[in-house]
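# An overview of the molecular structure
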Amino acid sequence: MTDAAPPLDDLAAAFQIEGWPVRGRIVRLGAAIHEVLSAHDYPEAVAALLGEACVLAALVGSSLKFDGRLLVQAQGDGPVRYLVADYGTDGTLRGFCRFDPEEVAAASQGFARPGAQTLLGKGVLIMTLDRGPDFERTQGITPIEGESLSLCAEHFFEQSEQVPTKVRLAIGSVDAGEGPRWRAGGALIQVIAADDARGDTAEVWERSRALFATLADDELLDPTITPEVLLFRLFHEDGVRLEGPRALRAQCRCSQDRIEAMLASFSPAERADMVEDDGRIHVKCEYCGRNYELDAEAQPA
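Here goes a summary of the coordinates provided. Note that the structure is a prediction, hence the values are computed from the model and not measured.

### With respect to the overall build of the chain
A tally of regular secondary structure across the chain gives 10 helices and 14 strands. For the chain, the C-alpha radius of gyration of 21 Å lies close to 19 Å, the compact-globule estimate for 301 residues. Across the 301 residues in the chain, those meeting the buried criterion constitute 47%. Pairs at least 24 residues apart make up 63% of the contacts formed inside the chain by residues separated by at least 6 positions. Working note: accessible area of the chain is about 15100 Å², and carbon and sulfur atoms make up 49% of it. If you average the places of the 29 positive and of the 49 negative side-chain charges in the chain, the two averages end up 3 Å apart.

### Some points on helix 2 (residues 44-61)
In this model helix 2 runs 25 Å from its N-terminal to its C-terminal C-alpha over 18 residues, within 8% of the 26 Å that 1.5 Å per residue would give. When you tally the buried positions in helix 2, you get 17 out of 18 residues, the bulk of the element.

### A few points about the packing of aromatic side chains
For any pair of aromatic rings, the description rests on two quantities: the centre-to-centre distance and the angle between the ring planes. Throughout the structure, instances matching the rule amount to 5 aromatic pairs. Centroid distance Phe96 to Tyr287: 4.8 Å. Interplanar angle 85°. Geometry classified as edge-to-face. Here Phe96, found in strand 5 (residues 92-99), pairs with Tyr287, found in the loop between strand 13 (280-284) and strand 14 (291-295); they are 191 residues apart in sequence, far enough to count as distant. Since its relative accessible area comes to 16%, Tyr287 is described here as buried. Of the aromatic side chains, those joined through ring pairs into one cluster are Tyr82, Phe96 and Tyr287.

### A look at the nonpolar core
One finds Leu29, Val72, Leu125, Met127 and Leu149 to be the most contacted residues of the largest nonpolar core, which totals 66 residues. The element that contributes the greatest number of residues to this core is helix 2, accounting for 14 residues. Discounting chain neighbours no more than four positions away, the residues touching Leu149 are Leu49, Glu52, Ala53, Leu56, Ala116, Leu120, Leu125 and Leu169. Grouped together as the second largest cluster of nonpolar side chains are 22 residues, Phe15, Ile17, Ala187 and Leu242 included.

### Details of the sheet that holds strand 6 (residues 123-130)
Ordered by their spatial adjacency, 6 strands build an open sheet running 7-6-3-4-5-12, and the pairing between neighbours is mixed. The outermost strands of the open sheet, each flanked by one partner alone, are strand 7 (138-143) and strand 12 (249-250). When strand 3 (residues 69-76) meets strand 4 (residues 80-88), the two strands line up antiparallel, connected through 7 bridges. Opposite Leu70, over in strand 4, you have Tyr87 as the bridge partner. In the packing of helix 2 onto the sheet, contacts are made with strand 3, strand 4, strand 5 and strand 6, and the angle to strand 4 comes to roughly 35°. On top of the sheet, helix 5 (residues 149-160) reaches strand 6 and strand 7; it is set at about 120° to strand 7, its chief contact.

### Looking at the pairing of strand 3
With 6 of 8 residues buried, strand 3 lies mostly within the body of the structure. Connecting the antiparallel pair strand 3 and strand 4 is a turn made up of 3 residues. Examined bridge by bridge, strand 3 and strand 6 share 8 bridges and lie antiparallel to one another. Paired with Gly76 across the strands is Gly123, a residue of strand 6.

### Points about the packing of helix 2 against helix 5
Two elements in contact, helix 2 and helix 5, have axes separated by 10 Å at closest approach and are oriented at 35°. Our pair here, helix 2 against helix 5, has a crossing hand that is right-handed. Residues Leu49, Glu52, Ala53, Leu56 and Val60 of helix 2 lie in contact with helix 5, whose contacting residues are Leu149, Ala153 and Phe157. Taken together, the residues of the contact of helix 2 with helix 5 break down into 7 nonpolar, no polar and 1 charged.

### Considerations on the environment of Ser148
Within the secondary structure layout, Ser148 lies in the loop between strand 7 and helix 5. Separated by 33 residues in sequence, Ser148 and Gly115 have C-alpha atoms that sit 5.9 Å apart. When sequence neighbours within four positions are dropped, the list of residues in contact with Ser148 reads Glu52 and Ala116. There is a polar contact of 2.7 Å between the side chain of Ser148 and the side chain of Ser150.

### Some words on the packing of helix 1 (residues 31-38) against helix 2
Pairs of packed helices are described in terms of their axes, by the angle between the two and the distance that separates them. Viewed as axis vectors pointing N to C, helix 1 and helix 2 meet at an angle of 135°, and their least axial separation amounts to 10 Å. By the angle between their directions, the pair helix 1 and helix 2 is classed as oblique. Every pair of crossing elements has a handedness; the one defined by helix 1 and helix 2 is right-handed. Between helix 1 and helix 2, the residues in contact are Ile33, Val36 and Leu37 and Ala47, Leu50, Gly51 and Cys54, respectively. Considering only residue class, the contact of helix 1 with helix 2 consists of 6 nonpolar, 1 polar and no charged.

The rules behind the values
- Residues numbered from 1 in each chain as written.
- Predicted model: local features only at pLDDT ≥ 70, side-chain atom pairs only at ≥ 80, totals over all residues.
- Heavy atoms only, no water.
- Helix = DSSP H or I, 4+ residues; strand = E, 2+ residues; numbered from the N terminus.
- Rg over C-alpha atoms; globule rule 2.2 N^0.38 Å.
- Buried < 20%, exposed > 50% of the residue type's maximum accessible area, 1.4 Å probe, protein only.
- Contact = heavy atoms within 4.5 Å.
- Areas by Shrake-Rupley, 256 points an atom, 1.4 Å probe, with all protein chains shown as cover.
- Lys, Arg positive; Asp, Glu negative; His and termini not counted.
- Charge placed at Lys NZ, Arg CZ, Asp CG, Glu CD.
- Expected span 1.5 Å × (residues − 1).
- Phe/Tyr/Trp six-rings, centres within 6.5 Å; stacked < 30°, edge-to-face > 60°.
- Core = buried A, V, L, I, M, F, W, Y, C linked by side-chain atoms within 4.5 Å.
- Pairing = 2+ DSSP bridges.
- Axes fitted to C-alpha atoms, helices over the stretch in contact; angles between N-to-C directions.
- Left-handed = near helix turned anticlockwise from the far one by under 90°.
- Nonpolar A, V, L, I, M, F, W, Y, C, P; charged D, E, K, R; others polar.
- Polar contact = N/O pair within 3.5 Å; in protein donor to acceptor, adjacent residues only side chain to side chain.
- Parallel < 35°, antiparallel > 145°, perpendicular 65-115°, else oblique.

Printed below as a string of structure tokens:
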């Protein structure tokens, strides 16, 4: 821990159960996830699915030891065609969805909120590591299985890294006195492979899974329950240590310069086709929803 006061919300942190070959991470999102999800008028089910993806991106991305980005993408043939959550190792988070409103409305008829498989249909979950222009991107892909992206993530780790993993993701609207606002939370645990020093880890892993299974969605979403208290509730008999938390925030990387650079890649004829009735080119960022207006004549040839 540093001398600076640790964040109480919008954070990602690692934790270690004392003496156990089990490692974990926890994410709590308040203002950050509300800003990401309220940037567009998403149906409730779509916002919840994107919220899960953002939590998953922060859980996995916050463990990276290099500067870069982790992209969690999902695509399929269901009402939600595509979604992406983009986590930067500087603690920034953004995301967006493409979907068919009528198909989402039809899928949302019923008592339960439709989940990943209902909304995405037959599709895949993709995790992409981006270390910048000097490195090739690396990807892992797993099928969409189950109604929560947590199940997809567990399959991803088992298949791509052969690491037994349990993931819990929670997303919901919470009224803490200032009206309903989106909140999200998540946690994961992984067992460290057995070796001569640790011996067989199967029994410890089963116990860890059993305790982890008692974690409730409302505990992950409740702004009055700190990560320390939540982890103590789960593992107090054995002791648990929360490592230095990292602050998270919603932040898009769009800018006037980036938009102008993107338009410069089009031919003059293509840019001319983009001009609207007011004589300007209008571009809306898919992530944050910000609208840009550009002078068509000022675009480079």
